[in-house]
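What the coordinates show
Each chain is listed here by its residues.
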Amino acid sequence: MALIKKLFSKEKNRFYELLLRQTAKTLEGLGALAGYLDECGLNCVRLVKKFETEADDLRVRLIEELDKTFVTPINREDIFDLSRAIDDVMDYANSTVLEMEAFEVKSDEHIKLMVNILIDAGKEINEAISLLDQDPKKAQRHANRAKACENQMEDAYRQALARLFKGNDPILIFKKREIYRHLSNAGDRGDEAADIISHIIMKHS
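First, a word on scope: everything that follows refers to the structure included in this document. (Residues numbered from 1 in each chain as written. Predicted model: local features only at pLDDT ≥ 70, side-chain atom pairs only at ≥ 80, totals over all residues. Heavy atoms only, no water.)

**Describing empty space enclosed by the protein**
- If you walk through the whole model with that rule in mind, you get one cavity of 30 Å³ or more.
- Along its surface, the largest cavity is lined by 18 residues, and Val-89, Ala-121, Gly-122, Ile-125 and Gly-190 are the ones closest to its centre.
- Elements with a minimum of two residues in the lining of the largest cavity: helix H2 (14-39), helix H4 (76-103), helix H5 (109-131), helix H6 (136-164) and helix H7 (170-203).
- Looking at the lining of the largest cavity element by element, the count peaks at five residues for H5.
- Grouping the constituent residues of the lining of the largest cavity by class yields 12 nonpolar, five polar and one charged. (1 Å grid on protein atoms, 1.4 Å probe; cavity = no way out; pocket = protein on both sides within 12 Å on 5 of 7 lines; lining within 4 Å. Points joined across faces, edges and corners; volume = space filled by probe spheres on them. Helix = DSSP H or I, 4+ residues; strand = E, 2+ residues; numbered from the N terminus. Nonpolar A, V, L, I, M, F, W, Y, C, P; charged D, E, K, R; others polar.)

Printed below as a string of structure tokens:
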């Protein structure tokens with residue numbers, strides 16, 4: 001019991017802080033992606049890239065902290081893997097914008113739905129991490145909600161493909177399928193992040 005209290009003490013640990021800042025930056029990036037879908041402006045493209053770069057910088061700092069810290073509040077591999085999963089979400093968001101620009105793909109209801117699901121999942125992961133060292137039970141509830149978002153993403157992805165393959169423009173089908181796939185992959189990484197959070201809680205409760 002003393003070990004659990006030590007691991008989940010009320011004093012914020014720098015690793016929790018860095019993970020929290022990384023998820024917050026990812027949420028900003030997803031918000032910029034949503035703005036791009038509404039405005040399709042180069043400013044939003046630059047914003048998404050900006051947040052992706054800043055999130056990368058936070059991950060680099062976290063890895064540097066891991067390298068020079070002998071004792072971590074939770075398993076260092078779990079910290080590394082959680083950060084990587086969050087980073088992948090932002091990377092896929094950036095790829096979505098870049099390829100929509102490169103392929104000249106316009107937004108549609110399916111893309112907007114999937115981005116909104118990603119934002120919901122990102123909020124739940126952010127909340128889970130913010131509570132991880134203070135209230136693991138509440139953190140678990142948020143992790144569960146993040147996993148539920150992945151089920152929604154799978155449904156949205158299948159519906160998008162079903163509608164897409166009813167079209168008769170093979171080039172457009174190829175382009176949009178790539179965009180849908182990026183968003184689905186981002187959803188998978190969000191689900192992975194939720195699984196890692198649950199794993200951390202299970203090991204230390």
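**Let's talk about the packing of H5 against H7**
- Between H5 and H7, the least distance of the axes is 10 Å, while the angle of their chain directions is 15°. Classified by the angle between their axes, H5 and H7 sit roughly parallel to one another. Handedness of the crossing formed by H5 with H7: left-handed. Across the interface between the two elements, His-110, Ile-111, Met-114, Val-115, Leu-118, Ile-125, Ala-128 and Ile-129 of H5 pack against Ile-179, Tyr-180, Leu-183, Ala-186, Gly-187, Gly-190, Ala-193 and Ile-197 of H7.
- Each residue belonging to the contact of H5 with H7 can be placed in one class, and the counts come to 13 nonpolar, three polar and no charged. (Axes fitted to C-alpha atoms, helices over the stretch in contact; angles between N-to-C directions. Parallel < 35°, antiparallel > 145°, perpendicular 65-115°, else oblique. Left-handed = near helix turned anticlockwise from the far one by under 90°. Contact = heavy atoms within 4.5 Å.)

**A word on the side chain of Ser-198**
- Topologically, Ser-198 is positioned in helix H7.
- Within the local environment of Ser-198, its side chain forms a polar contact with the side chain of Gln-140, the two groups lying 2.8 Å apart.
- Residues in contact with Ser-198, not counting those within four places in the same chain, are Gln-140 and Ala-143. (Polar contact = N/O pair within 3.5 Å; in protein donor to acceptor, adjacent residues only side chain to side chain.)

**Some thoughts on the nonpolar core**
- Counting 37 residues, the largest nonpolar core has Ile-111, Met-114, Val-115 and Tyr-180 as the members making the most contacts within it.
- Going through the elements one at a time, H2, helix H3 (42-68), H4, H5, H6 and H7 are the ones with two or more residues in this core.
- Residues contacting Met-114, with those up to four places away along its chain left out, are Met-153, Ala-156, Tyr-157, Ala-160, Tyr-180 and Leu-183.
- Residues Leu-18, Leu-58, Ile-129 and Ala-139 belong to the second largest nonpolar core, which totals 27 residues. (Core = buried A, V, L, I, M, F, W, Y, C linked by side-chain atoms within 4.5 Å. Buried < 20%, exposed > 50% of the residue type's maximum accessible area, 1.4 Å probe, protein only.)

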